[in-house]
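Residues per chain, in single letters:
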Amino acid sequence: MKESMYNIYFLDERSKKCIVFNTMYRSAVQIDNEVFNLIKNEEISKIENESLEELKNGRIVIDDNLDETKMLKIKFNRGKFNRKVAGFTIIPTHACNLACKYCYQGHGNVLSDTMKEETIQKTLKFIKKKALGFKKLSLTFYGGEPLLFPDIVFKILEKMSEFVNKNNMEFQFKMATNGTLITEKIAENLKKYNCSVQLTLAGSRDIHDKKRTDKKGNGTYDRVINTMSLFKEDKIKFHVRVDVDEDNYGTVDLLLDDLKERGFGGISIVFSSIERETCYREMEYGAHKVGLASLAHLFKVAHEKGFKTNPMDIHNVVQGCGALQDNFFTIDPKGDVYKCYAAPYYVEHRLGTIDEEGEMILINYDAYCKWTLRDPLCIEGCRTCKFSPICGGGCAMVAYKKNGDINSPGCEEKNLGEIVRAYIMQNCPELFEECAYESIRL
């Protein structure tokens, strides 16, 4: 037997105990320092049978002849080339009704196209041809602000709902919206299609209203809260993404308390760092990035206040990327096809365009192959990284913006230990009843 190359160790010096977490299998096992030392000294044969069986079950120790990098490659490829889910991100418009200070899309002015009727029809044909034969169809609407043109959204949903019913498929519908344009009628239609919605806040009310304004400079906090109330009343699934930088980090506590007082305790919340490594253009104000350890603390705080959180769900850092799957496409307002929803500003990443018959033409095979075959095990700096199984090489578009190549690391911080610790604390709280595990060993 040998030690897995994907183990992370959390040591508690006072209690002489340790948690070992395997990033490939998401398994956590508590051991004492004696067992820890035996593992690190390559004396696994001396571990007593009961502890050894637990370590084997968690894949903390593995067979000598097992090549884990090959197993990880198989795991990645299963995700890339599965035939269960066909996923499409649809951008009905790049226009937006807000003028957020940290917007990297230029407030909907850099890219501002909106789908015309002929593009809608092309898109419907394209999706039907690509999705036929899959068990599940997943549609995500993104922008800009997709609900500037709700008729486009619901026309596509109506047609695709008919398609999945006819072909006995599951249907998943998600939307990212700023939440300021929701009416009772729109809410009724979202509920009809069992929608799951992402809304965004940027700190306490005062801070949010400075960062996320409409085109006239008015704050939007109350409008988002009203939408949350409407969703709660209509039982529409939603989660809140909180955008964080050093400027608003200290107000997140106030935000969480306000949400709880308003009756939103228990909703799902994720935290995302505002950063200058953006996809379309530079922001107009200097965001100072919050580190992963600080983000992990926010997940911990939110969890302790009763909110649902997942520390692994951090944009551009953890949990891999759906755009790298072979059966995932993004369609922009002009009917051009990309892998990533943040790529339309870069024409070199365009896979092709959709013709009147719903076929993709003018295919850029180089771009298609680069995206579909992106593999952290072929990226210098990721190949031997213990966090590759959960990070997947980081965000491809961030890698491109930083290095000019999506086949390069899309991360700055190589140690995701604090994120993993927060994840274990939420999923195995009993392990932390008497120990803090303050030291991290890779």
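For the structure given in this document, a descriptive report is provided here.

Reading the values: the criteria
- Residues numbered from 1 in each chain as written.
- Predicted model: local features only at pLDDT ≥ 70, side-chain atom pairs only at ≥ 80, totals over all residues.
- Heavy atoms only, no water.
- Pairing = 2+ DSSP bridges.
- Helix = DSSP H or I, 4+ residues; strand = E, 2+ residues; numbered from the N terminus.
- Disulfide = S-S within 2.5 Å.
- Axes fitted to C-alpha atoms, helices over the stretch in contact; angles between N-to-C directions.
- Buried < 20%, exposed > 50% of the residue type's maximum accessible area, 1.4 Å probe, protein only.
- Polar contact = N/O pair within 3.5 Å; in protein donor to acceptor, adjacent residues only side chain to side chain.
- Contact = heavy atoms within 4.5 Å.
- Patch = residues over 30% accessible without salt bridge, like charges linked within 9 Å, V, L, I, M, F, W, Y side chains within 5 Å.
- Areas by Shrake-Rupley, 256 points an atom, 1.4 Å probe, with all protein chains shown as cover.
- Salt bridge = Lys/Arg side-chain N within 4 Å of Asp/Glu carboxyl O.
- Core = buried A, V, L, I, M, F, W, Y, C linked by side-chain atoms within 4.5 Å.

The strand order across the open sheet formed by 10 strands is 11-10-9-8-7-6-12-13-14-15, and the pairing between neighbours is mixed. Edge positions in the sheet fall to strand 11 (268-273) and strand 15 (360-361), since each of these pairs with one other strand and no more. As paired strands, strand 9 (residues 196-201) and strand 10 (residues 237-244) are joined by 6 bridges and run parallel to one another. Pairing of L199 across the sheet is with V240, part of strand 10.

Taken as a whole and judged by the stated rule, the model has 0 disulfides. You can see C385 has no disulfide; the closest cysteine sulfur is in C382, sitting 6.6 Å from it.

Across the sheet, 4 strands lie side by side as 4-3-2-16; this open sheet has antiparallel pairing. Taken across any chain shown, the strands that pair with only one partner, and hence form the sheet edges, are strand 4 (27-32) and strand 16 (439-441). Neighbour-to-neighbour, the strand axes of this sheet turn through a mean angle of 25°, independent of strand direction. In this sheet, strand 4 lies alongside strand 3 (residues 17-22) in antiparallel orientation, the contact comprising 6 bridges. Looking at strand 4, one finds that K17 is bridged to D32.

With respect to the helices and strands, the residue A95 is situated in the loop between strand 6 (85-90) and helix 4 (117-131). A residue is classified by how much of its surface remains accessible, and A95, at 18% relative accessible area, is buried. On a C-alpha basis, the gap between A95 and L111 in space is 7.1 Å, while along the polypeptide they are 16 residues apart.

Mapped onto the secondary structure, N178 falls in the loop between strand 8 (170-176) and helix 6 (184-192). Under the relative-accessibility criterion, N178 is labelled buried at 6%. Side chain to side chain, N178 and N97 meet in a polar contact 3.0 Å long. Apart from residues no more than four positions distant in its own chain, N178 is found in contact with C96, N97, L98, E145, R212 and V224.

Taken together, Y25, M71 and I74 make up a surface patch of nonpolar side chains, about 240 Å² in accessible area. If you trace the backbone, M71 turns up in helix 3 (residues 68-80).

What the rule picks out here adds up to 20 salt bridges. Residues K300 and E304 are paired through a salt bridge, measuring 2.7 Å at the closest nitrogen-oxygen approach. Here the residue K300 and the residue E304 both occupy positions in helix 10 (residues 292-304), the gap between them amounting to 4 residues, near one helical turn. Residue classification places K300 among the partly exposed residues on the basis of a relative accessible area of 30%. Classification of E304 by relative accessible area gives exposed; the value is 54%. Within the structure, one salt-bridge network assembled from shared partners comprises R205, D209 and D222.

Side chains that are nonpolar tend, in soluble globular proteins, to be buried together. F88, L137, L139, L190, M228, L259 and F271 are the most contacted members of the largest nonpolar core, which has 90 residues in total. Per element, the largest residue contribution to this core is 8 residues, and it comes from helix 5 (residues 150-166). Membership of the second largest hydrophobic core comes to 16 residues, among which are V29, I31, I44 and L52.

This brings us to helix 1 (residues 33-40). Listed in full, the buried residues belonging to helix 1 are N33, V35, F36, L38 and I39. Packing partners of the buried residues in helix 1 comprise strand 1 (2-3), strand 2 (7-12), strand 3, strand 4, helix 2 (49-57) and strand 16. If you check the start of helix 1, you find a side-chain oxygen 3.1 Å away from the backbone N of E34, and it comes from D32. Immediately beyond the C-terminal end of helix 1, within one or two residues, lies E42, with a positive phi of roughly 60°.

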